[in-house]
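These are the residues of each chain, in order.
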Amino acid sequence: MIPVSYYLILGGILFTIGTVGILVRRNALIIFMSIEVMLNAVNLTFVAAGRYLNSLDGQAIVLLVLTVAAAEVAVGLALIVAIFRGRGTTDVDEVNLLKW
Amino acid sequence: MELALFLSVGAIAILGAVGVVTLRNAVHSALSLITNMVALAVLFLMLNAQFVAIVQIIVYAGAVMVLFLFVIMLLGEKAQEGQERRPGQRVFAVALGALLLAEIIYVAQFNLLPGLPGKATPEVVARSGNVQLVGRFLFSEYVFPFEVTSVLLLVAIVGAVVLAKRKL
């Protein structure tokens, strides 16, 4: 059986890649996809921990995370479409009306 | 054998995630993200979580990514990134990411999993099936969060329609 730390480290690597994507990219759509990568990494950690503790809580929580992610994507993409209609761009550096 | 499968699928997952971050074209990023999600579904199967693996493919790789591709196509070519304004942004982000990764690996190698072992050992799961057990678990101990998610989804539907519609 594969040690649980392998799964935790893989989850950590995926989470880090998602974080770097959020920091580096400026297209709002790709920032959203990076958030999905981070959510997936956390899901992997949940399932791995549940497997090694012989518990089903991990899988139940993953289902709740999945629902939240779906809701987040629906609302977030609607927001991006609304911003694009108003300003003609999805570059997050251009959307700086509230910036001091 | 199991380790070789884990390493190769993990490498595919990491490559998919790197593709999401690095590829210029948003459609390519979305396809790369689908690769990442399918690889994660295989990992869920290896972790004896069949239900989550199938849901991952249906909901994420199916529904969510179709929604993403719809929006990418809807916004079209103009939804590209402009010129980079902050020259040090990329270096700074990668340095912060390396720091985060070092922290995570430092903690993960202690093999810490606090909590008592539960009852769902592989033998119990094999006897009645993963989907049956997860379903029963969701509708007994997690029934309140499960019902709350239905309200959340309803709010998300209404919110998405209100935000995306031109005139109400």
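Just so it is clear, the model here is predicted, and its values are computed rather than measured.

A. How the structure looks around the overall build of chain A. Across its full length, chain A carries three helices and zero strands. Helices and strands appear in chain A in the N-to-C order α-α-α. A compact globule built from 100 residues should have a C-alpha radius of gyration of about 13 Å, whereas chain A, at 17 Å, is more than 25% larger. If you line up chain A on its principal axes, its C-alpha atoms span 50 × 25 × 20 Å. Within chain A, the fraction of its 100 residues that count as buried is 52%.

B. Quick peek at the interface of chain A and chain B. The interface is formed by 63 residues belonging to chain A together with 74 residues belonging to chain B. It is helix 3 (residues 57-87) of chain A that provides the largest number of residues to the side of chain A that touches chain B, a total of 20 residues. Per-class residue counts for the side of chain A that touches chain B are 41 nonpolar, 15 polar and seven charged.

C. Focus on the nonpolar core. Grouped together as the largest cluster of nonpolar side chains are 62 residues, with contacts concentrated most on Leu29(A), Met33(A), Val47(A) and Phe44(B). Breaking this core down by element, the ones donating at least two residues are helix 1 (4-24), helix 2 (28-52) and helix 3 of chain A together with helix 1 (2-22), helix 2 (26-46), helix 3 (50-75) and helix 7 (143-164) of chain B.

D. Structural detail: helix 2 of chain A. Taking 1.5 Å as the rise per residue, helix 2 of chain A with 25 residues should run 36 Å; its terminal C-alpha atoms sit 37 Å apart, in good agreement. Counting buried residues along helix 2 of chain A, 21 of its 25 residues qualify, which places the element largely inside the surrounding structure.

E. Just helix 3 of chain B, in detail. In a regular helix each residue adds 1.5 Å, so 26 residues correspond to 38 Å; helix 3 of chain B covers 36 Å between its end C-alpha atoms and thus fits that length. The largest bend in helix 3 of chain B comes to about 30°, at Met65(B). Those residues of helix 3 of chain B not exposed but buried are Phe51(B), Val52(B), Ala53(B), Val55(B), Gln56(B), Tyr60(B), Val64(B), Phe68(B), Val71(B), Ile72(B) and Leu75(B). Against the buried residues of helix 3 of chain B lie helix 2 and helix 3 of chain A together with helix 2 and helix 6 (130-138) of chain B.

F. Seen up close, the environment of Gly19(B). Residues and elements named next belong to chain B. The residue Gly19 is located in helix 1 in this model. Taking the number of C-beta atoms within 10 Å as the measure of exposure, Gly19 has 18 and is therefore partly exposed. With 13 residues separating them in the primary sequence, Gly19 and Ser32 have C-alpha atoms 5.6 Å apart. When near neighbours in sequence (up to four residues on either side) are disregarded, Gly19 contacts Ser29 and Ser32.

G. Just the packing of helix 2 of chain A against helix 2 of chain B, in detail. Close contact between helix 2 of chain A and helix 2 of chain B brings their axes to 11 Å; oriented N to C, the two are set at 5°. Here helix 2 of chain A lies roughly parallel to helix 2 of chain B, going by the angle between them. Residue-level inspection shows Leu29(A), Ile30(A), Met33(A), Glu36(A), Val37(A), Asn40(A), Leu44(A) and Val47(A) of helix 2 of chain A in contact with helix 2 of chain B, the latter providing Ala26(B), Ser29(B), Ala30(B), Leu33(B), Asn36(B), Met37(B), Leu40(B), Leu43(B) and Phe44(B). Looking at side-chain class alone, the contact of helix 2 of chain A with helix 2 of chain B contains 13 nonpolar, three polar and one charged residues.

What counts and what doesn't
- Residues numbered from 1 in each chain as written.
- Chains lettered and ligands numbered in written order.
- Predicted model: local features only at pLDDT ≥ 70, side-chain atom pairs only at ≥ 80, totals over all residues.
- Helix = DSSP H or I, 4+ residues; strand = E, 2+ residues; numbered from the N terminus.
- Rg over C-alpha atoms; globule rule 2.2 N^0.38 Å.
- Buried ≥ 20, exposed ≤ 12 C-beta atoms within 10 Å, placed from the backbone.
- Contact = placed C-beta atoms within 7 Å.
- Nonpolar A, V, L, I, M, F, W, Y, C, P; charged D, E, K, R; others polar.
- Core = buried A, V, L, I, M, F, W, Y, C linked by C-beta atoms within 7 Å.
- Expected span 1.5 Å × (residues − 1).
- Bend = angle between axes of the 7 residues up to and from the residue.
- Axes fitted to C-alpha atoms, helices over the stretch in contact; angles between N-to-C directions.
- Parallel < 35°, antiparallel > 145°, perpendicular 65-115°, else oblique.

Everything listed is a geometric property; what it means functionally is a separate question.
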